[in-house]
Each structure stands twice: as structure tokens, then as C-alpha cells.
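Per-entry structural report
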Amino acid sequence: MIKKNMELAQHFQEALDARFKAARLAGKTEITIIARDLMKDLGDEGIERQASASGVMQKARTVHDTVLHEPPSGHSPALKISYVIPRPLPDVWPFVAGKTYSRRRYIHHLYGGQEQGGISTPADAPGIFIFTGHATSFLGYQDTFQPDGSFHYTGQGQVGDMRMERGNAAILNHAANGKDLLLFSQEAKGAPVRFRGFYTCAGWHTERQKDIEGNEREAIVFTLSPLTSDETEEAEEGPGADFQDTSALSLEELRRRALEAAKVPPRRNKTSASSVPARSRDVRNYVLRRAAGKCESCDQPAPFETAAGLPYLEAHHIRRLSDGGPDDPRFVAGICPTCHRRAHHGADAAEVNRKMQAVVTEKERLADIFKPSSLIHL
């Protein structure tokens, strides 16, 4: 019976989501729904289950929505709610380092995701939100900034040994899955959260900490390194540093290194954030060599040569809203500066990225069949 009720609630949720989607496609900013109409959407299955329909409607409410009619019982076909339709996800993250935001009213209203706990993994957003301080449900976590600028973040799990699953696995595999890591901190209970910046997972280790019940346990601690753009990394490394050790390497070797760089070292010892620039550089080296001097978006030659005599192209992370840091090279393109800006800020950015991904996917498909060096002739 319980399983049947859960399945019915899921069906009501899907019917509600369908109404939201239709309203969004129609350009509406709000929609009024009556429980009776939601029940009709499910036909015979839903007509007798008014409690499930109204319960799903109530659960979907946010602070921006308005209850127009709520019967005393709360569970009635007459329940009527006006919902605000969330605007489409922006093409760039709206967060500014150092500024504060309401976790529920702004972050989760815009992107969804779990509103409690320290790790939020919204399904439709290209990022994972990490909260530290009072924003987490358990303040015993020992999260600390390190002298090298990295951040040691205690993973998910309040009782017993932590496991590399759910939110913890999402952090570990964020680069391979094309997800940004966004770090927020909360200085006081109930206060807005402060955006600390974009980070990437440099590694992880375990250490003994007390759980919420006061018992010693193995806790997972991630080393998060602050993310810089590929252009910033190039400037810090100096002219030509990008290629100084790769000129004699084959495209096959560069690809092997790039694929390996997308993976977080599966070690249980403390990991230095110093490995991140090298991993990011491995991805960039391969992608730019694969492009062979031609933009993988507009197919035109690089606009100029660098001081080292190399064609100037930039690495663009197709799946992510931020550029820089390790990523799967099968989702990174070597493109000219104009196409790079267009891919982030153009009115047709979604279509530009879709076509760009098709080009990269085809090159990588052929690389899996033949030697990657054959790609430079495409």
C-alpha cells in the first residue's frame, strides 16, 4: 500500500511538472492550478486520491507562490495555488564572490536541489552547491581553509563511517560529469550564504572525526582547490609554458594524459591542490593540439600566433558554465576568442555549443577507433 501511494504521488508530481513545462514553453510567468484538475490529469488513477494530489501541490510551493484557496482540511479537490514559473537557467552563473544570497529564496528557487545539508545536487543545473558553516545541519564538521588557498571540506554523512556515495560521489566525480563546484559559507544561523567562489576537487582523504552522536568514525575530507580560468592559468605559467614539455609528445600520449587528468586521484592520503593546474594543463594541451590550429566551432584558422609561434586558440568547457580546471576532454573544445565569447554570451549560445559538441564527439569517436593523430586531418 505504501509503495502504491508513493508511486501515485510520483505520478501526480510528473503531472504537475508537465503543467509547469507547458506554461514555461508558453512564456508564462505564473500558473494557477486546482487540485481537482490535477486529479483529472491522471484519470481513474487520480480521481479518488485527493490527498495525494493536494499533498504534492503543497510540497511544490515556494515562498514566491500564493495559496488562493485552502480548505480547512488542507486535502481537498478545491485547493488552489498560484505558482511562479522559474525563469530559464542563465547561461552564466549569477554569483559574485563575496556577495551573499538567500539559500532557499534565491539559489534553490532558481536551480532546485536539496535545501538542507551541506551538499546540494540539482538535477538540471550544471553545478553542485557546497555549503559550509551554519548552512549545514551538523556543525561538528571540521571544514578549514589551507595556507595554499585550498579548502578541506568534510563530506556527507552524520552517523557512522562516511561512504563515497550520493553527494560525496558527486563531488569526487564532478569534473568527469561536467559539473562546477560552487562553495558557499554561512556565518550565522538563518543568515544568507556567502559565495566563496568556484572550486575543483583535487583529491580526498579520511580522518577520524566524531559523528553527530559523539562516536569516532572515518570521515571523508575533500581537498577543494580554487578554480581559475584557463586564460588565468596560462598567464601565471608564463609564455610558452603550456607547451614547453609537450612538443615531442604524440597526440596519442597527450590524449591519454588528458583523459587521466579528468579523474580525481583515488587516494586516501591527503592530496595537495598543486596537482590541479597540471591536470588542467594536460586537458588544455591535448584539446589545442587536437584542434590543429583551426577553431572547432567556426572551422576557421586561429586569428594569430602566440609569441612562441603557436596558433592561438582557447579551451572551452562545453558542458560547464565556468572555464578552467580539469574536465573530460571529450567535452572541451579548442576555439577562437570570438566563438568562445559567443558560446558563453551569444543569443544562440545553446545552438553554438550543441554544434561544437557534435564536432568534438565525432573527433573523439574516431580517436577511439583510430589513432588520435588522424584527427588533425579532419
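Residues numbered from 1 in each chain as written. Predicted model: local features only at pLDDT ≥ 70, side-chain atom pairs only at ≥ 80, totals over all residues. Heavy atoms only, no water.

To continue, consider the pairing of strand β10 (residues 193–210). Judged from the 2 bridges that link them, strand β4 (residues 100–101) and β10 form a sheet pairing that is antiparallel. Bridging from a neighbouring strand, Tyr101 pairs with Val193 of β10. Strand direction decides the pairing type here: strand β9 (residues 180–186) and β10, joined by 5 bridges, are antiparallel. Of the residues in β10, the one forming a bridge with Leu181 is Tyr199. By the bridge criterion, 11 bridges tie β10 to strand β11 (residues 216–226) in an arrangement that is antiparallel. Residue pairing for β11: Tyr199 is matched across the bridge by Pro226. In sequence, β10 turns back onto β11 through a hairpin of 5 residues, with Gly214 there showing a positive phi of about 85°. (Pairing = 2+ DSSP bridges. Helix = DSSP H or I, 4+ residues; strand = E, 2+ residues; numbered from the N terminus.)

The next subject is the side chain of Ser120. With respect to the helices and strands, Ser120 occurs in strand β5 (residues 119–120). What makes Ser120 buried here is its relative accessible area of 0%. Among the polar contacts made by the side chain of Ser120, one reaches the main-chain carbonyl oxygen of Gln114 at a distance of 3.0 Å. (Buried < 20%, exposed > 50% of the residue type's maximum accessible area, 1.4 Å probe, protein only. Polar contact = N/O pair within 3.5 Å; in protein donor to acceptor, adjacent residues only side chain to side chain.)

Evaluated as defined, the whole model comprises 19 salt bridges. In this structure, Arg255 engages Asp368 in a salt bridge whose closest nitrogen and oxygen atoms are separated by 2.8 Å. Highlighted residues: Arg255 in helix α8 (residues 251–261) and Asp368 in helix α11 (residues 349–369), separated in sequence by 113 residues. Linking Arg290 and Glu364 is a salt bridge whose minimum nitrogen-to-oxygen distance equals 2.9 Å. Pair noted here: Arg290 is in helix α9 (residues 275–291) and Glu364 is in helix α11, with a separation of 74 residues, a long-range link. In this pair, the class of Arg290 matches that of Glu364, namely buried. Beyond isolated ion pairs, a larger network of salt bridges with shared partners links Arg255, Arg290, Glu296, Lys363, Glu364 and Asp368. (Salt bridge = Lys/Arg side-chain N within 4 Å of Asp/Glu carboxyl O.)

We now examine unusual backbone geometry. With phi around 45°, Arg166 is a residue other than glycine that occupies positive phi space. A relative accessible area of 61% means that Arg166 is categorised as exposed. At Ala292, a residue that is not glycine, the phi angle is positive and equals roughly 55°. Relative to the elements of secondary structure, Ala292 occurs in the loop between α9 and β12 (314–317).

We now examine α8. Among all positions of α8, only Leu251, Leu254, Arg255, Ala258 and Ala261 are buried. The arc that holds the buried residues of α8, viewed along the axis, is 125°, so those residues lie on one side. (Arc of directions from axis to C-beta.)

Moving on, we get to the sheet that holds strand β3 (residues 80–84). Overall, antiparallel pairing links the 3 strands, which are arranged β1-β3-β2 in an open sheet. Looking at the sheet topology across the chains shown, the edges are occupied by β1 (30–34) and β2 (66–69). Neighbouring strand axes in the sheet, compared pairwise and without regard to direction, differ in orientation by 25° on average. (Axes fitted to C-alpha atoms, helices over the stretch in contact; angles between N-to-C directions.)

It is worth spelling out the pairing of β1 at this point. Burial of the side chains of β1 is restricted to one face: Ile31 and Ile33 are buried, whereas none of Glu30, Thr32 and Ile34 on the reverse face is. Bridge analysis of β1 against β3 gives 5 bridges, and the strand direction is antiparallel. Note that in β3 the partner of Glu30 across the bridge is Val84.

Counting 19 residues, the largest nonpolar core has Phe12, Leu16, Phe20, Ile31, Ile33, Met57 and Tyr83 as its most contacted members. Of all the elements, helix α1 (residues 2–25) adds the most residues to this core, at 6 residues. Setting aside residues no more than four positions away along its own chain, Ile31 makes contact with Arg19, Phe20, Ala23, Ile81, Ser82, Tyr83 and Ile85. Grouped together as the second largest cluster of nonpolar side chains are 18 residues, Ala170, Leu172, Tyr199 and Leu224 included. (Core = buried A, V, L, I, M, F, W, Y, C linked by side-chain atoms within 4.5 Å. Contact = heavy atoms within 4.5 Å.)

One can find Pro77 in the loop between β2 and β3. Placed 43 residues apart in sequence, Pro77 and Ile34 show a C-alpha to C-alpha distance of 7.0 Å.

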